[in-house]
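Observations on the model geometry
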Amino acid sequence: MISHPPAAGSAGLAGLRPRLPSPLVELPDERFARHGVRLLLKRDDLIHPELPGNKWRKLAPNLRAAAEEGRHTLLTFGGAYSNHLRATAAAGRLLGFATVGVVRGEELADRPLNPSLRSCAASGMRLMFIDRSTYRRKAEPEVLARLTERAGGDCYVVPEGGSNAAAVLGCAELGRELRGMADVVGVACGTGGTLAGLAAGLGEGQRAIGFPVLKGGFLGAEIERLQGEAYGGRRGTWRLDERFHCGGYARTSAALDAFADDFTARHGLPLERLYVAKMLYGLTTLTEEGAFPRGTTVAAVITGSGGPEPAAPAR
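These remarks concern the structure in this document.

Definitions and limits used
Residues numbered from 1 in each chain as written. Predicted model: local features only at pLDDT ≥ 70, side-chain atom pairs only at ≥ 80, totals over all residues. Heavy atoms only, no water. Helix = DSSP H or I, 4+ residues; strand = E, 2+ residues; numbered from the N terminus. Rg over C-alpha atoms; globule rule 2.2 N^0.38 Å. Buried < 20%, exposed > 50% of the residue type's maximum accessible area, 1.4 Å probe, protein only. Contact = heavy atoms within 4.5 Å. Areas by Shrake-Rupley, 256 points an atom, 1.4 Å probe, with all protein chains shown as cover. Lys, Arg positive; Asp, Glu negative; His and termini not counted. Charge placed at Lys NZ, Arg CZ, Asp CG, Glu CD. Phe/Tyr/Trp six-rings, centres within 6.5 Å; stacked < 30°, edge-to-face > 60°. Lys NZ or Arg CZ within 6 Å of the ring centre and 35° of its normal. Core = buried A, V, L, I, M, F, W, Y, C linked by side-chain atoms within 4.5 Å. Pairing = 2+ DSSP bridges.

Considerations on the overall build of the chain
- Along the backbone of the chain there are 12 helices and 10 strands.
- A globule of 315 residues ought to have a C-alpha radius of gyration of about 20 Å, and the chain, at 19 Å, matches this closely.
- Oriented by its inertia axes, the alpha-carbon framework of the chain measures out at about 55 × 40 × 35 Å.
- Evaluated residue by residue, the chain yields a buried proportion of 54% over its 315 residues.
- The long-range fraction of contacts in the chain, counting pairs at least 24 apart against all pairs at least 6 apart in sequence, stands at 74%.
- For the chain, the exposed surface amounts to about 13500 Å²; the carbon and sulfur share of it is 51%.
- Counting 39 positive and 33 negative side-chain charges, the chain places the averaged centre of each group 1 Å from the other.

Here you go:
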């Protein structure tokens, strides 16, 4: 049986001992240095072993809100390899929330679970597989009502990727931690909430570049919508570079794999391929294209670990 959460909005979250602010370290790299550009890594992947990076920053305010509303079940959404589903499941196990994950792809219900979904299930998440057409309509009130009823009723709904106004406000702290530390901040983008908050939190003269990991060109409007919900309008200086999705979500390319392997060989840091490697590939390419004047300091937000797929959590 899953117990109801303690005061997750205060002592509960603090008890998880997040490492905040996350470390900011300089990384000498001759591809940047020969253009007079300094590279820093913002190690958000070290915030918490099971809730790393932007997952902590986006989930924490939503967990507080769920606790304050007296909700004991989190309902959220993701694909078969979703880092967000895995983090939400871990948060539920650690804080006592029941969790329900709506997974894109009804056909997956009859297949063995991949390592990501096994980790979710081992953390106690109930997996609900739905067809892709319904999944695209998941935010429609009638569809969401049916999914909530199927999940048991009184749920706190966390959007796909954790991106909502609360998450944007949580991610603004990332920008505030980087004030005065860099001229340009790069971050990988899935649903846009991290960039929306990061840009809002940065100081005067700083700018953010987002590297979408999905193709389609829709993300700019979504980021503006999220900033509108959180702040009433666009905040901060930001732009997107759409060239580095490598074919779309959960896809890589030979060029990306070669870049990631080379980066690891140079620096001893394995790169998470679906987000982090694409962002660093983009920043390196921009630097080599001369996009940054000499004397520029660039910070790369490391939002996830490049290690192996997570093992099932200890019971």
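Structural notes on the packing of aromatic side chains
- Here the structure, examined in full by the defined rule, presents 5 aromatic pairs.
- Aromatic side chains Phe 77 and Tyr 135 sit 6.5 Å apart centroid to centroid with 75° between the ring planes, which places their arrangement in the edge-to-face category. Taken as a pair, Phe 77 in strand β3 (residues 73-78) and Tyr 135 in helix α6 (residues 132-136) lie far apart in primary sequence, 58 residues in all.
- Owing to a relative accessible area of 3%, Tyr 135 belongs among the buried residues under this scheme.
- Judged by centre distance (5.6 Å) and plane angle (70°), the ring pair of Phe 244 and Tyr 281 falls under edge-to-face. Of this pair, Phe 244 sits in the loop between β9 (238-240) and α11 (254-267) while Tyr 281 is found in helix α12 (residues 276-288), placing the two residues 37 residues apart along the sequence.
- Using a relative accessible area of 5% as the deciding quantity, one classes Phe 244 as buried.
- Three or more aromatic residues joined by ring pairs make a cluster, and in this case those are Phe 211, Phe 244, Phe 259, Phe 263 and Tyr 281.
- A cation over a ring is seen here: Arg 104 above Tyr 135, with NZ or CZ 5.3 Å from the ring centre.
- It is Arg 234 that lies over the ring of Trp 238; its NZ or CZ is 3.8 Å from the centre.

Here's the deal with the nonpolar core
- One finds Leu 41, Leu 271, Met 279, Leu 280, Leu 283 and Phe 292 to be the most contacted residues of the largest nonpolar core, which totals 30 residues.
- Broken down by secondary-structure element, the contributors of at least two residues to this core are β2 (38-42), β7 (184-189), β8 (207-212), α11, α12 and β10 (297-301).
- For this core, the leading source of residues is α12, giving 6 residues.
- Grouped together as the second largest cluster of nonpolar side chains are 21 residues, Ala 196, Ala 199, Leu 202 and Leu 240 included.

Some points on the pairing of strand β4 (residues 98-104)
- The buried fraction of β4 amounts to 5 of the 7 residues, a majority that puts the element mostly inside the structure.
- Pairing analysis gives 6 bridges linking β3 to β4, with the strands arranged parallel. Across the sheet, the residue bridging to Leu 75 is Val 100, located in β4.
- Pairing between β4 and strand β5 (residues 126-130): 5 bridges, direction parallel.

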